[in-house]
Amino acid sequence: MTEHNSVQQPLVDELVRLGWSYFPGKSLDRQLEQVFIESEVVDALVRLNPDVAEVPARASEVVKLLRNLTFQVDDEGLVETNREAMSWLRGLQTHKFVGADAFRPVRLIDFENPASNRFAVADEVSFGSPGNKARFDIVLFVNGLPLVVGETKTAFKQKVSWITAANEVADHYETKFAPFFTTNVFSFATEGRELMYGATGARVEHWMTAGPTKDHPLLTDVLAAARWLLAPATVLKFLNSFTLFETPEDNSGSASLIKLIARYMQFEAVELMVGRAHEGQSRRGLIYHTQGSGKTLAMVFAAGQLLQDPVLANPTVVLVADRVDLVRNAWGQFRTTHMPRLLAPATAKALQDTLGAADRRGLIFTTVHKFAGAASDLNTRGNIVVLVDEAHRTQEGNLGLTMRAALPNALFFAFTGTPIAKLERNTFATFGDPDDEKKTLHAYTSDQSIADGMTVPIHVDPRLVTFQLDKDAVDEAFKQLTDAEDLDEESAEVLVRRGSRVDVVFANPARTEAVCADIVDHFYSTIDPLGMKAQVVVFDRAACVAYHKQLTHLLEQRHAQGHPLDEAAVVMHVTNGKGEDEEWGQHRRSEAEEAELLRRFRTHGDPLKFLVVTSRLGTGFNAPIEAAMYLDKPMKDHTLFQTITRTNRTWRNPETGQEKRYGLVVDYVGLGSGFARAMAPANGDQDPRSVEVDALIDQFEAELDATMRWFAGIDHTVIASTTLLECQQRIAKEKDQEAFVTSFLLLEGIWEACWPHLRLRAHTEAYRFLAKIYASIAPVGPRVDLVWTRLGAKTLDIVFEHMTDVKVTQSNAVVVADADTIRRLEEEGLLPGLEEVEHKTANEVLDTLYARLKKRLEGPNGNHPVYQSLAERLENLRQRTIAEAQQSIEWLREAFTLAKDVTAAEKAEDEAGVDGLNLLPDPNVFALTQIFLEYSTPDMPVMIERVVEEVDSIVKEVTAGNAGWASTQKGDMAVRKEVRLVLKDKGLHTVPGLFDRAYEYIAEHY
């Protein structure tokens, strides 16, 4: 058995069954240094592009451009070049062929009719130059373009895993043979047990499993994963709909481009959402994904696919959250993924006008509160899709009802990691479809997330804070106070109640000092050596200030002893309002200042080690470097597990490479069974009541009794030198060992979930006795460590959450172009100078044009067709939805072309008045051209200008001398007939909506 016949060949055989045609790498029609199978690329260009079919030699022009892309990788960078290549592969690029009169869209792949493509799998594909070449185990070509690279290994040798194969791709192939990855969609790696995949340029720790992780995976599991991931249809979907490019700021404040592709659970959820949108029956669905699994990114993929879905016909997608900071988080994620023309109405009226009178299409961000007072049936369109973030909160109340009444025919998809199933609040009943299993359209549990390596387990380290209270002395002092102040009984009772509140206990300076001393001691002995940081959650804002003061004092003491000076900071809302101490003012920060503070906290090596909060940063805060949460605040239910799951993000120390194994919650409150209740996964089919921990402990006690029977007669309270030997002899047989391990792991899971519940304390000795026996027979080595980590994860059933990026301010002004876009437009001669437009936003461009046009429309020649056409083009740009990030370039191109035409009209009028305007190109021809381009499809002939000229000529001939033709039956029928004949002659009569749109324009303007 070898790597080739045990892993690589079975995988190739499976790919052939999926529809890929097999070719040995050495038989491919390509040279060693060629990236593409150029003969196949040429054939596809001829097959899919009428212009090229007309003159086949034109294919060489496109091949040359693609070849040039591979040459620029070293200068531009792999990910940057890959982004440009993706635009070509998706058919978003245009080219003006030699001898042609205009730019035409170029199709390299047919997404509408996959059978028109040629799918080839090749093994042992060499690339490079003699003496410096790579040999890729498996390559998937579509129309001669290498879209997927696979590396295979076997698990026959120790220390060989999928990671070995992935490192070879990411660290060796992509670095030294980058041109071959110019058109790469993703790469995969397997050792015959797990199949993992990663985006072009992604570090290996960011590679993802191609399906739910299993405890004991086999080759059959790899082949099953391949049937999904590597199916031709899936590869094309990843290319067209599940790939994004993001430019998030790193901790230094700089931005670098990264490529993102969907994880399997995101892919599944979005596919289900799109399918439901097509069904036209059910109008809702609940997506229940655990905290940390990438819900916001799933919403990005969903929004992008829904916006460009032809079945939905230019929809409106509304993203709704219940807090402004969550809206900002989502806005930031969408912005960094280059989704342009995003709207975030600033007020309730602005939102309701946007959805109502303006009936805007595209992507709208809002809080649910802005639906307050909205009229019923504000917009009755059926192609409005509402994506609800954190669906378990205010979206279930009156505001949620108002939102639904305002958009009665909308589709509602709710995302949550913390659904609630109670009598008074039930996320499943509000957002789930009753016909879905457990009222959930798609679920991704914390167990799956931890097993897949998406999140880490959470462990709880309980602390007990005790104090002595001299009740007699307190009573005596209080009596003296009431006597001295001559208080009546009612006033005295008020003081008693106030003095007995729990916040008084938490505000005790002696308690604060004791807890802070324990925090610092624990942090520097456990967390800081690993390079990670901590969050401190306290009772209220006053406690934030007190804890910060004490922590700062302790950190200064450490510094005086020779240690580096570390810092703590408070993140809380400060207004200088009633009840706020003047000392709090030092913790007031602007949005920019807070963003900088959080950036420092996320930065490895920065001396800011502690964040002190009470209610801030509970949801939507993403800091993988946070390893510990010191919890000194009573919490419960979803608020509790939203807070503690801040620690469940994966992280790797950039200096040592050491990974975070688990997140730690140090509990100073004694929440005990509260953790179990909070972490218990909600069930849509369950009776809507709070989940209690007692049933778990009942099961624990029954299982403990059964397990202890193995060791009947052995005194586990008095350990002798023969105790361990006797215990191991009781389970010496393999089947007995397996049964014991199964029982103990069940006990461990319940123990870690429920401890420190009072009922468990009576079983401490017996449980620890069994734990030591288990440890004595457990396998030794890295795999044991992995098992322990994974099973420890089941102590808490974690659910993951959304990301805020508070760096993005809420504004209607959205930058839709980066420096590269501006450069390309400048090269096309559409911009007067880079410095004048470098920071232009979409709305600023439109507002400037509107101001200039308004002045001309109000002038003596305002009714001239040129100005009327320019005004209509401007309005069309305002209403236009941009469904793909790359289309932002096309949008800007049209916007600046419009600006150029406005300038030409102004100059013509200023120099020669109406005669000058008459000499400009016919605006009707231009407008019709835009309509035809808007409705163009990959199957439509691309000689649009000729079609428009013919339509214009015939309509002018039919309507000549008949100014009122549109109001007469005869004139109307004649024009309709002639336009239909032209469209039919050109093969355009079947394009949905084209005739109606063109005729509507003709009737108004001719």
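Scroll up a little and you will see the structure.
Residues numbered from 1 in each chain as written. Predicted model: local features only at pLDDT ≥ 70, side-chain atom pairs only at ≥ 80, totals over all residues. Heavy atoms only, no water.

Caption draft 1: Broad picture of the pattern of salt bridges. Inspection of every chain in the model, using the stated rule, returns 25 salt bridges. For Glu112, the salt bridge is made with Arg107, and the minimal N-O distance between the two is 4.0 Å. Among the salt bridges present, the one from Asp353 reaches Lys349, with a minimum N-O distance of 2.8 Å. Of this pair, Asp353 and Lys349 are both found in helix 13 (residues 348-355), four residues apart, which corresponds to roughly one turn of the helix. Under the relative-accessibility criterion, Asp353 is labelled partly exposed at 33%. Here Lys349 falls in the exposed class, since its relative accessible area comes to 60%. Counted as one network, the salt bridges with shared partners bring together Glu14, Arg17 and Arg227. (Salt bridge = Lys/Arg side-chain N within 4 Å of Asp/Glu carboxyl O. Helix = DSSP H or I, 4+ residues; strand = E, 2+ residues; numbered from the N terminus. Buried < 20%, exposed > 50% of the residue type's maximum accessible area, 1.4 Å probe, protein only.)

Caption draft 2: Broad picture of the packing of helix 1 (residues 3-18) against helix 8 (residues 219-229). Following both chains from N to C, one finds helix 1 and helix 8 inclined at 35 degrees, their axes separated by 10 Å at the closest point. The element helix 1 and its partner helix 8 pack so that their crossing is right-handed. Within the contact between the two elements, helix 1 uses Ser6, Pro10, Leu11, Glu14 and Leu18 and helix 8 uses Leu219, Leu223, Ala226 and Arg227. Class assignment for the residues of the contact of helix 1 with helix 8 results in six nonpolar, one polar and two charged. (Axes fitted to C-alpha atoms, helices over the stretch in contact; angles between N-to-C directions. Left-handed = near helix turned anticlockwise from the far one by under 90°. Contact = heavy atoms within 4.5 Å. Nonpolar A, V, L, I, M, F, W, Y, C, P; charged D, E, K, R; others polar.)

Caption draft 3: Layout of the sheet that holds strand 19 (residues 458-462). Taken in spatial order, the six strands make up an open sheet running 19-24-23-20-22-21, and their pairing is parallel. Every interior strand has two partners, whereas the edge strands, strand 19 and strand 21 (567-570), have only one. For this sheet, the mean inter-axis angle between neighbouring strands, taken without regard to orientation, is 20 degrees. Judged from the five bridges that link them, strand 19 and strand 24 (residues 663-667) form a sheet pairing that is parallel. Note that in strand 24 the partner of Val460 across the bridge is Val665. Contacts from helix 20 (residues 509-527) reach strand 19, strand 20 (533-537), strand 22 (608-613), strand 23 (626-631) and strand 24 within the one sheet, and its direction differs from that of strand 23 by about 160 degrees. (Pairing = 2+ DSSP bridges.)

Caption draft 4: How the structure looks around helix 21 (residues 541-560). Taking 1.5 Å as the rise per residue, helix 21 with 20 residues should run 28 Å; its terminal C-alpha atoms sit 29 Å apart, in good agreement. Within the span of helix 21, buried status applies to Ala543, Cys544, Val545, Tyr547, His548, Gln550, Leu551, Leu554, Leu555 and Arg558. Between the side-chain oxygen at the start of helix 21 and the backbone nitrogen of Ala542 there is a gap of 3.3 Å, and the oxygen is on Asp540. Directly after helix 21, the chain includes Gly562, whose backbone phi takes a positive value near 105 degrees. (Expected span 1.5 Å × (residues − 1). Polar contact = N/O pair within 3.5 Å; in protein donor to acceptor, adjacent residues only side chain to side chain.)

Caption draft 5: Highlighting the sheet that holds strand 6 (residues 145-152). The strand order 1-4-5-6-7-8-9 describes an open sheet built from seven strands, whose pairing is mixed. Of all the strands in the sheet, just strand 1 (21-24) and strand 9 (208-209) have a single pairing partner and so form its edges. Note: strand 7 (residues 186-190) against strand 8 (residues 195-199), five bridges, orientation antiparallel. Residue pairing across strands places Thr190 opposite Leu195, the latter belonging to strand 8. Contacting strand 7 and strand 8, helix 8 runs over the sheet at an angle of about 35 degrees to strand 8.

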